[in-house]
Amino acid sequence: MKLYLKRMCAYAVDLLITAVVLNIFLFSYQVFQLDPQMAVKGNYMLLCAVLSILFLFIYIPTKQNGQTIGKMLFHLRVVNTNGQKRTWFQSFLRECVLKFSFIVFLIPMDIVYTIMESIRQRKFIICIGHDALLNTEVLGG
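Residues numbered from 1 in each chain as written. Predicted model: local features only at pLDDT ≥ 70, side-chain atom pairs only at ≥ 80, totals over all residues. Heavy atoms only, no water.

Quick notes on the overall build of the protein chain
Item 1. Per the secondary structure count, the protein chain includes six helices and two strands.
Item 2. Starting at the N terminus and ending at the C terminus, the protein chain contains elements arranged as α-α-α-β-α-α-α-β.
Item 3. Each principal axis of the C-alpha atoms in the protein chain carries an extent, and together these give about 65 × 30 × 25 Å.
Item 4. Here the protein chain holds 141 residues, and the buried ones make up 36% of them.
Item 5. For the protein chain, restricting intrachain contacts to residue pairs at least 6 apart in sequence, the fraction spanning at least 24 positions comes to 62%.
Item 6. Accessible area for the protein chain stands at about 9000 Å²; split by element, carbon and sulfur atoms hold 70% of it.
Item 7. Taking the average location of the 14 positive side-chain charges in the protein chain and that of its 7 negative ones, the two points are 7 Å from each other. (Helix = DSSP H or I, 4+ residues; strand = E, 2+ residues; numbered from the N terminus. Buried < 20%, exposed > 50% of the residue type's maximum accessible area, 1.4 Å probe, protein only. Contact = heavy atoms within 4.5 Å. Areas by Shrake-Rupley, 256 points an atom, 1.4 Å probe, with all protein chains shown as cover. Lys, Arg positive; Asp, Glu negative; His and termini not counted. Charge placed at Lys NZ, Arg CZ, Asp CG, Glu CD.)

Below, the structure is given as structure tokens:
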């Protein structure tokens, strides 16, 4: 399977896991908000949602050599191009901020970056902008 197809599938798995986890906690939050005496527990559900996202997309990739659950399933991992170990902050930027928060901006940026790099190298290559920005690359296994 091509690397970029594996990357898209891994991203879809991560997105699905995120959607399921967030929906469970948000549903619980809404149920607890129905009763004013249980509103505090609803706030705990929101805190649990944030903590689970941090666990899934910062702790796991940092401890598992750049692998989220989706990347584990498709035998992919993210490494620094300079050979150093990925940091917590780098995992946060790559997995939470750039991939999930700014996905609307990343797709056009990736298309423009691919065109520019293909012209510069005089052959067609697919480049992912957030990897270039953070000096990371995804390796397939």
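Some thoughts on the packing of aromatic side chains
Geometry of an aromatic ring pair is reported as the spacing of the ring centres plus the angle between the planes.
Item 1. One pass over the full model with this rule turns up two aromatic pairs.
Item 2. A ring pair is formed by Phe55 and Tyr59, whose centres lie 5.4 Å apart and whose planes are at 15°; its orientation type is stacked. Of the two residues, Phe55 and Tyr59 are both situated in helix α2 (residues 39–63); the distance of four residues between them amounts to about one turn of the helix.
Item 3. The interplanar angle of 35° and the centroid separation of 5.7 Å between the aromatic rings of Tyr59 and Trp88 together place this pair among those described as tilted. You can see Tyr59 sitting in helix α2 and its partner Trp88 sitting in helix α4 (residues 88–101), a full 29 residues away along the chain. (Phe/Tyr/Trp six-rings, centres within 6.5 Å; stacked < 30°, edge-to-face > 60°.)

Observations regarding α2
Item 1. Helix length check: α2, at 25 residues, gives a terminal C-alpha distance of 35 Å against a target of 36 Å (1.5 Å per residue), a fit within 8%.
Item 2. Of all the bends found along α2, the most pronounced is centred on Phe55 and spans about 35°.
Item 3. Among the residues of α2, Gly42, Met45, Ala49, Ser52, Ile53, Leu56, Phe57, Ile58, Ile60, Pro61 and Thr62 are the ones counted as buried.
Item 4. Following α2 by one or two positions, Asn65 has its phi on the positive side, about 55°. (Expected span 1.5 Å × (residues − 1). Bend = angle between axes of the 7 residues up to and from the residue.)

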